[in-house]
Amino acid sequence: MNGVDASVRSDPPAADVPGRGTREPGPTQSSHTAAIELRGARASIGGHEVWSGVELVVRPGEFVAVLGSNGSGKSTLLKAILGLVETAPGAVSVLGGPAGSANREIGYLPQRHGFGSGLPLRGVDLVRLGLDGASWGLPTPLGRRASRRRARERVREVIELVGASAYAERTLGELSGGEQQRILIAQALVRRPRILMLDEPLDSLDLPNQAAVTALVQHICRAESVAVLLVAHDVNPLLPYLDQVIYLAGGRALQGPVEQVITGPTLSALYGVPIEVLRTGDGRLVVVGQPEAPHVHGPRHG
């Protein structure tokens, strides 16, 4: 068996991020309406079944991590919710309708590995594209000046929400990885979505920025009552903030609180091989096993 220490710690977030090191109150039990619901869902790509029999529910104001090894279908889950992957009719419900029917109410941040240093686009411009990208650069009719003013106010509001006011006027190429992620999250939020889906937003960030971005996402989840799905390879930076996890492995999925899902017996049953989960003195989770379980909670980048 292989052993990998999950080296990412739950470091305190930056001072300007709400929810400093503590879990904000989650959604109340009276929040019965599901933002996302899958019932016996199956997804295939190119004739290959990625997962099947998936049962899960995400409610407004819940912060849920999507975990699993490479190829387990984490990104496929987000695409199925967007209606970009074929599923059986009725198997996926999003805000009470079929997958793809409510995409205008979903803020989606796909995997991204940074912007080039020569990109001239400013942060504020990227956020504004989230509102009016289809008409960017076109003259504004006189009758729409009021709506354009409201749009500017919303852009400023969401930039303040993510703590990016100090650098939003700078070009994206000038910003650090953590600053770019805040701008991208602001763009995903600018249309006031009811669901926010983030595909590996912590990838390639240093430890302080991982903690800061995670605390920011949790604050947005609570303050705006947004259902959040965040895809990650390492659960440790997320531990103080999560409500639930969805763990994908072996073509199946399991949902529940961290302390119920990330256990040796649970992961052993899910992977079909012996898995051991240890908790270190400073609270980090260490997953020991094979074939790919250790990689899930270990560092992917040197």
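On a predicted model such as this, the values are computed, not experimentally measured, just so you know. (Residues numbered from 1 in each chain as written. Predicted model: local features only at pLDDT ≥ 70, side-chain atom pairs only at ≥ 80, totals over all residues. Heavy atoms only, no water.)

Considering the pairing of strand β12 (residues 275-279)
We count it as follows: The pairing criterion for strands is at least two bridges between them, as found by DSSP. Helix and strand assignments come from DSSP, with helices taken as H or I runs of at least 4 residues and strands as E runs of at least 2, each series counted from the N terminus.
Sheet analysis places β12 next to strand β13 (residues 285-289), joined by five bridges and oriented antiparallel. Residue pairing across strands places isoleucine 275 opposite glycine 289, the latter belonging to β13. As consecutive antiparallel partners, β12 and β13 are separated by five residues, and within that stretch glycine 283 has a phi angle of approximately 95 degrees, a positive value.

Focus on the environment of glutamate 200
Rule in force here: Polar contact criterion, stated in full: a pair of N or O atoms within 3.5 Å, where within protein one must be able to donate a hydrogen and the other to accept it, and residues adjacent in sequence count only if both atoms are side-chain atoms.
Position of glutamate 200 relative to the elements: it lies in the loop between β8 (195-199) and α5 (207-223). It is 8.7 Å that separates the C-alpha atoms of glutamate 200 and leucine 109, two residues lying 91 residues apart in sequence. A distance of 3.4 Å separates a polar atom in the side chain of glutamate 200 from a polar atom in the side chain of glutamine 111.

Some details on the environment of methionine 197
Cut-off, in case you're wondering: Contact between two residues is taken to exist if any of their heavy atoms lie within 4.5 Å; hydrogens are not considered.
Tracing the backbone through its elements, the reader meets methionine 197 in strand β8. Measuring from C-alpha to C-alpha, the distance between methionine 197 and valine 231 comes to 8.1 Å, with 34 residues separating the pair along the chain. Not counting residues up to four positions away in its chain, the partners in contact with methionine 197 are Leu78, Ile81, Leu82, Ile106, Gly107, Tyr108, Leu109 and Leu229.

What about the nonpolar core?
To be explicit about the condition: Residues belong to one nonpolar core when they are buried, are Ala, Val, Leu, Ile, Met, Phe, Trp, Tyr or Cys, and are joined through side-chain atoms within 4.5 Å. Each residue's exposure class comes from its accessible area (1.4 Å probe, protein chains only) as a fraction of the maximum for that residue type: buried when under 20%, exposed when over 50%, partly exposed otherwise.
Ranked by internal contacts, the top residues of the largest apolar core, which has 55 residues, are Ile183, Ile185 and Ile262. With 31 residues, the next largest nonpolar core counts Ala35, Leu56, Val85 and Ile106 among its residues.

A few points about the sheet that holds strand β4 (residues 63-68)
Rules: A fitted line through C-alpha atoms represents every axis, and for helices the fit uses only the stretch in contact; the resulting angles, taken between N-to-C directions, go from 0 to 180 degrees.
Across the sheet, which stays open at both edges, the six strands sit in the order β7-β8-β9-β4-β10-β11 with mixed pairing between neighbours. Every interior strand has two partners, whereas the edge strands, β7 (106-109) and β11 (252-256), have only one. The average angle at which neighbouring strand axes cross in this sheet is 15 degrees, direction not considered. Across four bridges, the pairing between β7 and β8 is parallel. Paired with isoleucine 106 across the strands is isoleucine 195, a residue of β8. In the packing of helix α1 (residues 74-81) onto the sheet, contacts are made with β4, β7, β8, β9 (227-231) and β10 (244-249), and the angle to β8 comes to roughly 150 degrees. On top of the sheet, helix α4 (residues 177-189) reaches β7 and β8; it is set at about 155 degrees to β7, its chief contact.

Notes on the sheet that holds strand β6 (residues 97-98)
Strand order in this open sheet of four strands is β3-β2-β5-β6, and the pairing throughout is antiparallel. At either end of the open sheet lies a strand with only one pairing partner, and these are β3 (48-58) and β6. In this sheet, β3 lies alongside strand β2 (residues 36-45) in antiparallel orientation, the contact comprising seven bridges. Within β3, the position partnered with serine 44 by the bridge is glutamate 49. With respect to the sheet, α1 is in contact with β2, β3 and β5 (92-94), its orientation differing from that of β3 by roughly 65 degrees.

Details of α5
Using the following cut-off: The span one expects for a helix is its residue count, reduced by one, times 1.5 Å.
Over its 17 residues, α5 extends 24 Å from the first C-alpha to the last, a length consistent with the 24 Å expected when each residue adds 1.5 Å. Most of α5 is tucked away: 13 of the 17 residues are buried. One side-chain oxygen of the residue at the start of α5 lies 3.0 Å from the amide nitrogen of asparagine 209, identifying that residue as aspartate 206. Where α5 ends, the next residue or the one after it, serine 225, has phi of about 50 degrees, a positive value.

Observations regarding the side chain of arginine 182
Tracing the sequence through the fold places arginine 182 in helix α4. In terms of polar contacts, arginine 182 uses its side chain to reach the backbone carbonyl oxygen of valine 162, at 2.8 Å.

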